[in-house]
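Chain by chain, the residues run as shown.
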Amino acid sequence: MASIKPISGFPEWLPAQKLVEEDFLLKIRRVFQLHGYSPIETPAVERSSTLVSKGGDEKEIYRIERLHASSEVSDDNDLALHFDLTVPMARYVAQHERELAFPFKRYQMQPVWRGERAQSGRFRQFYQCDIDIIGRGSLPLSCDAEIPSIMAGVLRSLNIGDFQIRINNRKILQGFLSGVGIDATHHKAVMGCIDKIEKIGEREVLREIQEISGDKSFDAKVILHFLSQKVSLDGLEVLLTFSKDHLYQEGVRELIEVIQMSLSKGVAKPELVVDLTIARGLDYYTGTVFETRLVQYPQVGSVCSGGRYEDLVGGFAKGDFPGVGMSIGLTRLLSQLFKYDVLAPKAQSYSKLFLVPLSQGIEVVGYVEKLATKLRGWDVPCEVSLREGKVSRHIEYANKKGTQYVGFVGETEVSGNYVQVKNLVTGEQQEISIADELFFKKL
């Protein structure tokens, strides 16, 4: 007998959970569309060399080949599943540069694959929902400010509680590190440590930074002291006093401008927080960076993140193509919302009404089928029972599928042109005319 044991890291939602995922996808897509973003879709595969050249970890990239591949050399020998949607987007923009209008605003919602160790909230296959703005030659900071405004719009639409968009600028981190004597060649490694501060703790970060610096006399505590600063949105200028490094000062000024514009774009003050520990682990980020957390459920972790980059597309095309974007790891988010009972899905289909013929005579069954057709014409999802049985069995079936209303039809209902509708939550039952469009649309 073939094995039915699940493969770890590859989610398989139950119908009720899948309905929530589809609802989230619709809401997220709508927010993206309201801000003027264009949809694109790229292949599930890219050339392995493309993925590795833009920061992909070779150990986590799934190469693909045919089960009975021939030995001859072809493009098939260099294909791999994409590990994110940003690198494919960069390749796409370079390939279609002449056909696109710049700044190019795109959204993309597809599965991605990473061969990392499967654990709670970490998957090998998961849905990502991305947006990016790509400029040609230049990109104003107002685009950076658009990202948190869209993050806020998405999270409000999902209705999963209060949230905080944590914002920083990598230039601030790089400039501060230079100012305290950390050589630029070590900035990438040190920021990688900073990005892990919540996972491994301050003591381990301190040890790693000290080791990276290679200077036993260097006191890494000065970095942690700086990262611990709490800065209010009304007192951002205080950041200018922590370092005179040119890059640092530039980063602070950019951060102030982006925050001011974000507030003007509708982000509420309680929704935006300066967090100097936000570094983002991917190498291509160069300026503004974001991470977003749910206030009531900090254990869920980051629900969407992103930032500014200068030369990601430039690796595929001549010229400057600065960009800024964000990504929602939808599968991970949903898994945590289900785990912590933030969401408790029940309905297993879109049906609002379960119609039950009380006899199998052609007159009753035909009446029910015609009623179902009429309801669907009114855009009311409904289901007709496919089996005979006691009323209690039909109610049990509807309850298990999470359908709140059951409609019973017998010969009496046929002659009177109505249906007996029972609300399984309240227990209320009433006779409803089959012409009562308003009632059925309110189900």
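Above this text sits the structure in question.
A few points on the structure. (Residues numbered from 1 in each chain as written. Predicted model: local features only at pLDDT ≥ 70, side-chain atom pairs only at ≥ 80, totals over all residues. Heavy atoms only, no water.)

1. Remarks on the pairing of strand β13 (residues 405–409)
Now for step 1: The buried fraction of β13 is high, at five of five residues.
Now for step 2: Covered by surrounding structure in β13 are Y405, G407 and V409 together with V406 and F408, the residues of both alternating faces.
Now for step 3: By the bridge criterion, five bridges tie strand β11 (residues 353–357) to β13 in an arrangement that is parallel. Its bridge partner being in β13, V356 is matched across the sheet by F408. (Buried < 20%, exposed > 50% of the residue type's maximum accessible area, 1.4 Å probe, protein only. Helix = DSSP H or I, 4+ residues; strand = E, 2+ residues; numbered from the N terminus. Pairing = 2+ DSSP bridges.)

2. Brief notes about unusual backbone geometry
Now for step 1: The residue after F102, namely P103, is reached through a cis peptide bond having omega -5°.
Now for step 2: Here P103 shows up in the loop between α3 (86–95) and β4 (104–113).
Now for step 3: Even without a glycine there, the phi angle at D379 is positive, about 70°.
Now for step 4: Along the chain, D379 turns up in the loop between α11 (362–377) and β12 (382–384).
Now for step 5: In this structure D379 comes out as exposed when scored by relative accessible area, which is 69%.

3. Let's talk about the layout of surface pockets
Now for step 1: One number sums up the size of the second largest pocket: a volume of about 240 Å³.
Now for step 2: At the level of secondary structure, the elements contributing two or more residues to the lining of the second largest pocket comprise α7 (197–213), α8 (221–227) and β7 (272–274).
Now for step 3: Element by element, the count of residues in the lining of the second largest pocket is highest for α7, at three residues.
Now for step 4: Each residue belonging to the lining of the second largest pocket can be placed in one class, and the counts come to seven nonpolar, three polar and five charged. (1 Å grid on protein atoms, 1.4 Å probe; cavity = no way out; pocket = protein on both sides within 12 Å on 5 of 7 lines; lining within 4 Å. Points joined across faces, edges and corners; volume = space filled by probe spheres on them. Nonpolar A, V, L, I, M, F, W, Y, C, P; charged D, E, K, R; others polar.)

4. Things to note about the pairing of strand β5 (residues 125–134)
Now for step 1: By the criterion of burial, β5 is predominantly enclosed, with eight of the 10 residues buried.
Now for step 2: Two elements, β4 and β5, share 10 bridges in a ladder whose sense is antiparallel. In the sheet register, R106 faces β5, and the bridge partner there is D132.
Now for step 3: Bridge count for β5 against strand β10 (residues 323–329) is seven bridges, and the pairing is antiparallel. Within β10, the position partnered with I134 by the bridge is G323.

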